[in-house]
Amino acid sequence: MLQRGAFILFEGIDRSGKTTQCNKLVECLQKSERKPEHWRFPDRSTELGKVINNFLSSKVELDDAAVHLVFAANRREKCKDMFNKLNSGISLVVDRYSYSGMAYTLAKDIPDMDQQWCMMPERGLPEPDLVLYMRVSPEVAASRGGYGEERYEKAEFQKKVAANFDMLKGKNWVEIDAGQPIQKIHDEVMKAVDDLYSSSRLSGPVGK
Ligand code: DGP
Ligand code: NA
Ligand code: NA
(Lines give C-alpha, C1' and ligand atoms only; values in the text may rest on other atoms or scores of the structure.)
(Ligands and ions follow the chains in the order given, each with its own letter.)
Protein backbone atom coordinates (compact mmCIF):
# COMPACT_ATOMS: atom_id res chain seq x y z
CA MET A 1 0.00 0.00 0.00
CA LEU A 2 1.08 3.53 -0.73
CA GLN A 3 2.50 5.25 2.35
CA ARG A 4 0.69 8.50 3.03
CA GLY A 5 2.60 11.74 2.82
CA ALA A 6 4.25 13.31 5.86
CA PHE A 7 3.17 16.64 7.33
CA ILE A 8 6.42 18.29 8.35
CA LEU A 9 6.09 21.65 10.07
CA PHE A 10 8.66 24.34 10.78
CA GLU A 11 7.92 26.73 13.62
CA GLY A 12 9.92 29.52 15.21
CA ILE A 13 10.08 33.26 15.75
CA ASP A 14 10.60 35.69 12.87
CA ARG A 15 14.08 35.37 11.31
CA SER A 16 14.71 31.93 12.77
CA GLY A 17 15.65 30.59 9.33
CA LYS A 18 12.54 28.54 8.63
CA THR A 19 12.18 29.51 5.01
CA THR A 20 15.79 28.64 4.14
CA GLN A 21 15.44 25.26 5.81
CA CYS A 22 12.08 24.56 4.17
CA ASN A 23 13.65 25.16 0.77
CA LYS A 24 16.61 22.89 1.49
CA LEU A 25 14.38 20.13 2.84
CA VAL A 26 12.02 20.28 -0.15
CA GLU A 27 14.98 20.03 -2.51
CA CYS A 28 16.24 16.93 -0.70
CA LEU A 29 12.85 15.26 -0.60
CA GLN A 30 12.43 15.88 -4.32
CA LYS A 31 15.65 13.98 -4.96
CA SER A 32 14.43 11.07 -2.88
CA GLU A 33 11.06 11.12 -4.69
CA ARG A 34 8.94 11.90 -1.65
CA LYS A 35 6.77 14.24 -3.75
CA PRO A 36 7.07 17.22 -1.40
CA GLU A 37 5.16 20.46 -1.63
CA HIS A 38 6.28 23.64 0.10
CA TRP A 39 3.41 25.41 1.84
CA ARG A 40 3.37 28.42 4.11
CA PHE A 41 0.94 30.09 6.45
CA PRO A 42 -0.34 32.68 6.36
CA ASP A 43 -1.12 31.89 2.71
CA ARG A 44 -1.27 35.47 1.46
CA SER A 45 -2.62 34.49 -1.98
CA THR A 46 -6.23 33.89 -0.91
CA GLU A 47 -8.87 36.53 -0.16
CA LEU A 48 -8.38 36.03 3.59
CA GLY A 49 -4.64 36.03 3.01
CA LYS A 50 -4.90 39.48 1.45
CA VAL A 51 -6.60 40.76 4.61
CA ILE A 52 -3.78 39.24 6.67
CA ASN A 53 -1.15 40.78 4.43
CA ASN A 54 -2.73 44.21 4.79
CA PHE A 55 -2.85 43.75 8.55
CA LEU A 56 0.79 42.61 8.81
CA SER A 57 2.00 45.50 6.70
CA SER A 58 -0.12 47.88 8.86
CA LYS A 59 -2.29 49.01 5.96
CA VAL A 60 -5.36 48.15 8.04
CA GLU A 61 -6.12 47.86 11.75
CA LEU A 62 -8.26 44.98 12.95
CA ASP A 63 -9.64 43.79 16.24
CA ASP A 64 -7.25 41.30 17.92
CA ALA A 65 -9.77 38.52 18.30
CA ALA A 66 -10.93 38.98 14.71
CA VAL A 67 -7.33 38.77 13.49
CA HIS A 68 -6.78 35.55 15.39
CA LEU A 69 -9.83 34.05 13.72
CA VAL A 70 -8.83 35.23 10.25
CA PHE A 71 -5.40 33.57 10.57
CA ALA A 72 -7.14 30.38 11.71
CA ALA A 73 -9.65 30.63 8.87
CA ASN A 74 -6.74 30.97 6.44
CA ARG A 75 -5.54 27.54 7.63
CA ARG A 76 -9.07 26.16 7.64
CA GLU A 77 -9.67 27.09 4.02
CA LYS A 78 -6.71 24.89 3.00
CA CYS A 79 -7.58 22.01 5.30
CA LYS A 80 -9.41 19.70 2.86
CA ASP A 81 -6.69 20.20 0.32
CA MET A 82 -4.09 19.28 2.96
CA PHE A 83 -5.85 16.05 3.93
CA ASN A 84 -6.26 15.12 0.26
CA LYS A 85 -2.61 15.71 -0.58
CA LEU A 86 -1.33 13.83 2.46
CA ASN A 87 -3.64 10.89 1.78
CA SER A 88 -2.54 10.75 -1.84
CA GLY A 89 1.11 10.31 -0.80
CA ILE A 90 2.31 13.88 -1.12
CA SER A 91 4.43 15.22 1.74
CA LEU A 92 3.82 18.78 2.92
CA VAL A 93 6.68 20.90 4.20
CA VAL A 94 4.90 23.74 5.94
CA ASP A 95 6.31 27.08 7.12
CA ARG A 96 4.22 28.06 10.21
CA TYR A 97 0.84 26.76 11.36
CA SER A 98 -1.43 26.67 14.41
CA TYR A 99 1.43 26.98 16.91
CA SER A 100 2.28 30.37 15.41
CA GLY A 101 -1.39 31.24 15.75
CA MET A 102 -1.26 30.52 19.47
CA ALA A 103 2.22 31.89 20.17
CA TYR A 104 1.63 35.24 18.47
CA THR A 105 -1.86 35.90 19.80
CA LEU A 106 -0.95 34.86 23.35
CA ALA A 107 2.03 37.25 23.19
CA LYS A 108 -0.48 40.11 23.05
CA ASP A 109 -1.59 39.30 26.64
CA ILE A 110 -5.24 40.03 26.02
CA PRO A 111 -7.66 39.20 28.84
CA ASP A 112 -10.16 36.50 27.86
CA MET A 113 -8.02 35.30 24.96
CA ASP A 114 -6.33 32.49 26.86
CA GLN A 115 -4.79 29.32 25.52
CA GLN A 116 -8.10 27.48 25.40
CA TRP A 117 -9.78 30.30 23.49
CA CYS A 118 -6.89 30.49 21.04
CA MET A 119 -6.91 26.75 20.40
CA MET A 120 -10.58 26.46 19.58
CA PRO A 121 -10.57 27.53 15.93
CA GLU A 122 -7.62 25.18 15.27
CA ARG A 123 -9.60 22.07 16.17
CA GLY A 124 -10.03 19.50 13.42
CA LEU A 125 -7.17 20.76 11.27
CA PRO A 126 -4.64 18.14 10.19
CA GLU A 127 -1.94 17.62 12.80
CA PRO A 128 1.75 17.72 11.90
CA ASP A 129 3.67 14.43 12.09
CA LEU A 130 6.83 16.32 12.96
CA VAL A 131 7.37 19.83 14.29
CA LEU A 132 10.85 21.19 13.74
CA TYR A 133 11.19 24.01 16.21
CA MET A 134 13.90 26.39 15.10
CA ARG A 135 15.21 27.74 18.36
CA VAL A 136 17.12 30.99 18.14
CA SER A 137 17.50 33.78 20.66
CA PRO A 138 15.45 36.86 19.81
CA GLU A 139 18.71 38.88 19.90
CA VAL A 140 20.37 36.70 17.26
CA ALA A 141 17.20 36.73 15.14
CA ALA A 142 17.04 40.54 15.31
CA SER A 143 20.66 40.84 14.23
CA ARG A 144 20.00 38.90 11.01
CA GLY A 145 19.81 41.93 8.78
CA GLY A 146 17.44 43.61 11.24
CA TYR A 147 13.73 43.08 11.34
CA GLY A 148 11.65 44.30 8.46
CA GLU A 149 8.66 46.54 8.53
CA GLU A 150 6.02 43.99 9.48
CA ARG A 151 3.85 44.36 12.50
CA TYR A 152 5.27 41.71 14.83
CA GLU A 153 8.94 42.21 14.08
CA LYS A 154 9.90 43.87 17.36
CA ALA A 155 12.38 42.42 19.84
CA GLU A 156 10.17 42.67 22.94
CA PHE A 157 7.26 40.98 21.22
CA GLN A 158 9.45 38.25 19.74
CA LYS A 159 10.73 37.40 23.23
CA LYS A 160 7.20 36.69 24.35
CA VAL A 161 6.53 34.65 21.21
CA ALA A 162 9.66 32.56 21.92
CA ALA A 163 8.51 31.91 25.49
CA ASN A 164 5.12 30.83 24.19
CA PHE A 165 6.64 28.35 21.74
CA ASP A 166 8.52 26.85 24.69
CA MET A 167 5.29 26.55 26.61
CA LEU A 168 3.46 24.94 23.65
CA LYS A 169 6.14 22.35 22.89
CA GLY A 170 4.44 18.99 22.61
CA LYS A 171 4.61 15.53 21.14
CA ASN A 172 6.34 15.14 17.77
CA TRP A 173 8.49 18.21 18.44
CA VAL A 174 12.20 18.22 17.68
CA GLU A 175 14.10 21.27 18.79
CA ILE A 176 16.90 22.52 16.55
CA ASP A 177 19.55 25.04 17.50
CA ALA A 178 18.94 27.51 14.69
CA GLY A 179 21.94 29.62 15.65
CA GLN A 180 24.19 27.04 13.94
CA PRO A 181 25.50 27.22 10.36
CA ILE A 182 22.85 26.51 7.70
CA GLN A 183 24.30 23.16 6.64
CA LYS A 184 24.55 21.89 10.22
CA ILE A 185 20.91 22.80 10.81
CA HIS A 186 19.95 21.07 7.59
CA ASP A 187 21.77 17.89 8.70
CA GLU A 188 19.78 17.86 11.95
CA VAL A 189 16.56 18.48 10.04
CA MET A 190 17.32 15.56 7.70
CA LYS A 191 18.00 13.26 10.63
CA ALA A 192 14.63 14.04 12.21
CA VAL A 193 12.87 13.68 8.84
CA ASP A 194 14.58 10.35 8.06
CA ASP A 195 13.54 9.12 11.51
CA LEU A 196 9.96 10.08 10.71
CA TYR A 197 9.88 8.28 7.35
CA SER A 198 11.32 5.12 8.87
CA SER A 199 8.97 5.17 11.87
CA SER A 200 5.49 3.64 11.94
CA ARG A 201 3.90 7.09 12.38
CA LEU A 202 2.97 7.39 8.70
CA SER A 203 1.15 4.06 8.57
CA GLY A 204 -1.74 5.50 10.59
CA PRO A 205 -4.19 8.15 9.39
CA VAL A 206 -3.33 11.84 9.39
CA GLY A 207 -3.92 13.16 12.90
CA LYS A 208 -6.44 15.89 13.61
P1 DGP B 1 5.83 35.02 7.82
O2 DGP B 1 5.14 35.21 6.50
O3 DGP B 1 6.21 33.59 8.10
O4 DGP B 1 6.92 36.00 8.08
O5 DGP B 1 4.68 35.28 8.93
C6 DGP B 1 4.04 36.49 8.99
C7 DGP B 1 3.88 37.02 10.39
O8 DGP B 1 2.60 36.62 10.92
C9 DGP B 1 4.91 36.54 11.39
O10 DGP B 1 5.27 37.65 12.20
C11 DGP B 1 4.18 35.50 12.19
C12 DGP B 1 2.77 35.97 12.17
N13 DGP B 1 1.79 34.87 12.23
C14 DGP B 1 1.81 33.70 11.54
N15 DGP B 1 0.73 32.96 11.80
C16 DGP B 1 0.00 33.67 12.69
C17 DGP B 1 -1.26 33.44 13.34
O18 DGP B 1 -1.93 32.43 13.15
N19 DGP B 1 -1.69 34.43 14.18
C20 DGP B 1 -1.00 35.58 14.41
N21 DGP B 1 -1.50 36.48 15.23
N22 DGP B 1 0.19 35.82 13.81
C23 DGP B 1 0.67 34.88 12.96
NA1 NA C 1 8.03 37.63 9.09
NA1 NA D 1 9.75 33.14 7.18
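Note that this is a predicted model, so its numbers are computed, not measured. (Residues numbered from 1 in each chain as written. Chains lettered and ligands numbered in written order. Predicted model: local features only at pLDDT ≥ 70, side-chain atom pairs only at ≥ 80, totals over all residues. Heavy atoms only, no water.)

A. Molecular detail of the overall build of the chain. Within the chain one finds nine helices and five strands. Order of helices (α) and strands (β) in the chain, N terminus to C terminus: β-α-β-α-α-α-β-α-α-β-α-α-β-α. What you see for the chain is a C-alpha radius of gyration of 17 Å, in line with the 17 Å of a compact globule of 208 residues. If you line up the chain on its principal axes, its C-alpha atoms span 50 × 35 × 30 Å. Residues counted as buried form 48% of the 208 residues belonging to the chain. In the chain, 81% of the contacts between residues at least 6 apart in sequence involve partners at least 24 apart. Carbon together with sulfur atoms contributes 53% to the accessible area of the chain, which is approximately 10,300 Å² in total. Mean positive and mean negative side-chain charge positions of the chain (31 and 31 charges, respectively) differ by 3 Å. (Helix = DSSP H or I, 4+ residues; strand = E, 2+ residues; numbered from the N terminus. Rg over C-alpha atoms; globule rule 2.2 N^0.38 Å. Buried < 20%, exposed > 50% of the residue type's maximum accessible area, 1.4 Å probe, protein only. Contact = heavy atoms within 4.5 Å. Areas by Shrake-Rupley, 256 points an atom, 1.4 Å probe, with all protein chains shown as cover. Lys, Arg positive; Asp, Glu negative; His and termini not counted. Charge placed at Lys NZ, Arg CZ, Asp CG, Glu CD.)

B. Region of the structure containing the sheet that holds strand 5 (residues 173-177). Spatially, five strands are ordered 2-3-1-4-5 in an open sheet, and the strand pairing comes out parallel. Of all the strands in the sheet, the pair left with one neighbour each is strand 2 (36-40) and strand 5. Each strand axis lies, on average, 20° off the axis of its neighbour in the sheet, ignoring direction. As paired strands, strand 1 (residues 7-11) and strand 3 (residues 91-95) are joined by four bridges and run parallel to one another. Looking at strand 3, one finds that Leu-9 is bridged to Val-94. Along the sheet face, helix 9 (residues 182-198) touches strand 1, strand 3, strand 4 (130-135) and strand 5 and points at about 165° away from the line of strand 4. (Pairing = 2+ DSSP bridges. Axes fitted to C-alpha atoms, helices over the stretch in contact; angles between N-to-C directions.)

C. Expanded view of the layout of surface pockets. Considered as a void within the structure, the largest pocket measures approximately 530 Å³ in volume. Of all elements in the fold, only helix 1 (18-31), helix 3 (64-76) and helix 5 (98-106) reach the threshold of two or more residues within the lining of the largest pocket. Taken together, 18 residues line the second largest pocket, and the ones lying closest to its centre are Ser-98, Tyr-99, Met-119, Glu-127 and Pro-128. Taken together, the elements giving at least two residues each to the lining of the second largest pocket come down to helix 5 and helix 6 (115-119). When residues in the lining of the second largest pocket are grouped by element, the largest group, three residues, is from helix 5. Tallied by class, residues from the lining of the second largest pocket come to eight nonpolar, five polar and five charged. (1 Å grid on protein atoms, 1.4 Å probe; cavity = no way out; pocket = protein on both sides within 12 Å on 5 of 7 lines; lining within 4 Å. Points joined across faces, edges and corners; volume = space filled by probe spheres on them. Nonpolar A, V, L, I, M, F, W, Y, C, P; charged D, E, K, R; others polar.)

D. Structural context of helix 3. Between its first and last C-alpha atoms helix 3 spans 18 Å; for 13 residues at 1.5 Å apiece the expected length is 18 Å, and the two agree. Among the residues making up helix 3, those that are buried are Val-67, His-68, Val-70, Phe-71, Ala-72, Asn-74 and Arg-75. Measuring from the side-chain oxygen of the N-cap residue of helix 3 to the backbone nitrogen of Ala-65 gives 3.1 Å; that N-cap residue is Asp-63. (Expected span 1.5 Å × (residues − 1). Polar contact = N/O pair within 3.5 Å; in protein donor to acceptor, adjacent residues only side chain to side chain.)

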